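One letter stands for each residue in the lines below.
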Amino acid sequence: MNNYETFYQLHHKETPLILANAWNVKSAQIIEQNGYDAIGTSSGAISNSLGYEDGEKMPFKELFYIIQRINNCIQIPLSVDLERGYTDNLSDLTDNIERLIEAGVVGINLEDAQGEEIYLKKISNIKNHLEKRNHKLFINARTDVFLQKLDSPLELTIKRAKLYKEAGADGLFVTAVADPTIIKEIAASTTLPLNVVGSPKLSSFKALADCGVKRISMAVFLYKATYNQLEQLTKKVKENQSFESLF
């Protein structure tokens, strides 16, 4: 199997895909070396590491450079957090998708924070482009209904899952949800593999698997934990007036 086929199959196993999120080559290499089956990027982590706020404040060309470097240095499948696509122009979106595919990317996350109408146009546009070029790309449809605190979030999430599947999505990513009962209802309502982020309230892989989750992400948490440790280490060196803690 090629990397796309491997990545697709990882979403349809009995046990969930555990996806660690990288922000540069070194973090991706460490993830691969520790036996993970695939890597996702975190837009928040990459943005922060380059001095930008999250939310497409980082130029696409800078994101793309990081993606190229990561994918050139790993063997396992790479999926990219594409936020909203880094454009609302459908032609430009197609160009971004094509560049990612040429770089070896096998999947993307695409956010619906702008609402259903423009989101469905984006997914349909991407899917049509893939079919015309005979390309494969795993589209993980991210819905921010709970994150945005919209009315009737469960019902709206289920509705959007149906619309996004019909438009060509391959997976469903629901953010800001940690209630096992709600997660089970979402998972039972769709045939799309469900992706959630592990949280302090729901961090066990088994508990999430029991809810029907098929993909568990770390989002920006791995990045934050890494730099929290770096901060503590640098503080300790200065406080102790010694490099002893580095060795």
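Residues numbered from 1 in each chain as written. Predicted model: local features only at pLDDT ≥ 70, side-chain atom pairs only at ≥ 80, totals over all residues. Heavy atoms only, no water.

Here's the deal with the overall build of the protein chain
Then comes step 1: Of regular secondary structure, the protein chain possesses 10 helices and eight strands.
Then comes step 2: In summary, the protein chain has a C-alpha radius of gyration of 18 Å against a globular reference of 18 Å for 247 residues, a match within 12%.
Then comes step 3: C-alpha atoms of the protein chain, sized along the principal axes, occupy 60 × 40 × 35 Å.
Then comes step 4: Expressed as a percentage of the 247 residues in the protein chain, the buried residues total 48%.
Then comes step 5: Intrachain contacts of the protein chain at a sequence separation of at least 6 include 64% that bridge at least 24 residues.
Then comes step 6: Carbon and sulfur atoms make up 49% of the accessible area of the protein chain, which totals about 12,600 Å².
Then comes step 7: Taking the 28 positively charged and 31 negatively charged side chains of the protein chain as two groups, their mean positions are separated by 1 Å. (Helix = DSSP H or I, 4+ residues; strand = E, 2+ residues; numbered from the N terminus. Rg over C-alpha atoms; globule rule 2.2 N^0.38 Å. Buried < 20%, exposed > 50% of the residue type's maximum accessible area, 1.4 Å probe, protein only. Contact = heavy atoms within 4.5 Å. Areas by Shrake-Rupley, 256 points an atom, 1.4 Å probe, with all protein chains shown as cover. Lys, Arg positive; Asp, Glu negative; His and termini not counted. Charge placed at Lys NZ, Arg CZ, Asp CG, Glu CD.)

Describing unusual backbone geometry
Then comes step 1: In this structure, Ser152 is a non-glycine residue whose phi angle is positive, near 45°.
Then comes step 2: Following the sequence through the fold, Ser152 ends up in the loop between β5 (138-143) and α7 (153-167).
Then comes step 3: According to the relative accessible area criterion, Ser152 is partly exposed, its value standing at 45%.
Then comes step 4: Non-glycine residue Gln241 carries a positive phi angle of around 50°.
Then comes step 5: In this fold, Gln241 is placed in the segment after α10 (221-240).

Quick word on the nonpolar core
Then comes step 1: Counting 60 residues, the largest nonpolar core has Leu82, Ile97, Leu100 and Leu194 as its most contacted members.
Then comes step 2: It is helix α4 (residues 60-72) that provides the largest number of residues to this core, a total of six residues.
Then comes step 3: If you look at the next biggest cluster of nonpolar residues, it comprises eight residues, including Leu10, Leu19, Val106 and Phe138. (Core = buried A, V, L, I, M, F, W, Y, C linked by side-chain atoms within 4.5 Å.)

As for the side chain of Thr143
Then comes step 1: Turning to its location among the elements, Thr143 is positioned in strand β5.
Then comes step 2: Apart from the residues within four sequence positions on either side, Thr143 is in contact with Asp112, Thr157, Arg160, Tyr164, Leu172, Phe173, Val174 and Thr175.

Notes on the pattern of salt bridges
Then comes step 1: Under the defined criterion, the tally for this structure stands at 13 salt bridges.
Then comes step 2: Between Asp88 and Lys122 there is a salt bridge, with its nearest N and O atoms 2.9 Å apart. Of the two residues, Asp88 is situated in the loop between β3 (78-81) and α5 (90-102) and Lys122 in helix α6 (residues 116-133); the sequence distance between them amounts to 34 residues. (Salt bridge = Lys/Arg side-chain N within 4 Å of Asp/Glu carboxyl O.)

Notes on α4
Then comes step 1: Between its terminal C-alpha atoms α4 stretches 18 Å, which fits the 18 Å expected from 13 residues at 1.5 Å a residue.
Then comes step 2: Listed in full, the buried residues belonging to α4 are Phe60, Leu63, Phe64, Ile66, Ile67, Ile70 and Asn71. All buried residues of α4 project into a common sector of 160° when viewed along the axis, lining one side. Exposed and facing more than 90 degrees away from the buried side of α4 are Lys61 and Asn72.
Then comes step 3: Summarising the contacts, the buried residues of α4 are in contact with α2 (25-33), β2 (39-41), α3 (43-49), β3 and α5. (Expected span 1.5 Å × (residues − 1). Arc of directions from axis to C-beta.)

Thoughts on α10
For an α-helix, 3.6 residues make a turn, and residues three or four places apart therefore share a direction.
Then comes step 1: Between its first and last C-alpha, α10 extends 28 Å over 20 residues, near the 28 Å set by a 1.5 Å rise per residue.
Then comes step 2: Positive backbone phi, approximately 50°, marks Gln241, located one or two places after α10.

Side note on the packing of α7 against helix α8 (residues 180-189)
Then comes step 1: At their nearest, the axes of α7 and α8 sit 10 Å apart, and the two run at 25° to each other. Regarding the angle of α7 to α8, the classification is roughly parallel. The way α7 lies across α8 gives a crossing that is right-handed. Between α7 and α8, the contacting residues are Leu154, Thr157 and Ile158 on the first element and Ile182, Glu185, Ile186 and Ser189 on the second.
Then comes step 2: Here the residues of the contact of α7 with α8 sort into four nonpolar, two polar and one charged. (Axes fitted to C-alpha atoms, helices over the stretch in contact; angles between N-to-C directions. Parallel < 35°, antiparallel > 145°, perpendicular 65-115°, else oblique. Left-handed = near helix turned anticlockwise from the far one by under 90°. Nonpolar A, V, L, I, M, F, W, Y, C, P; charged D, E, K, R; others polar.)

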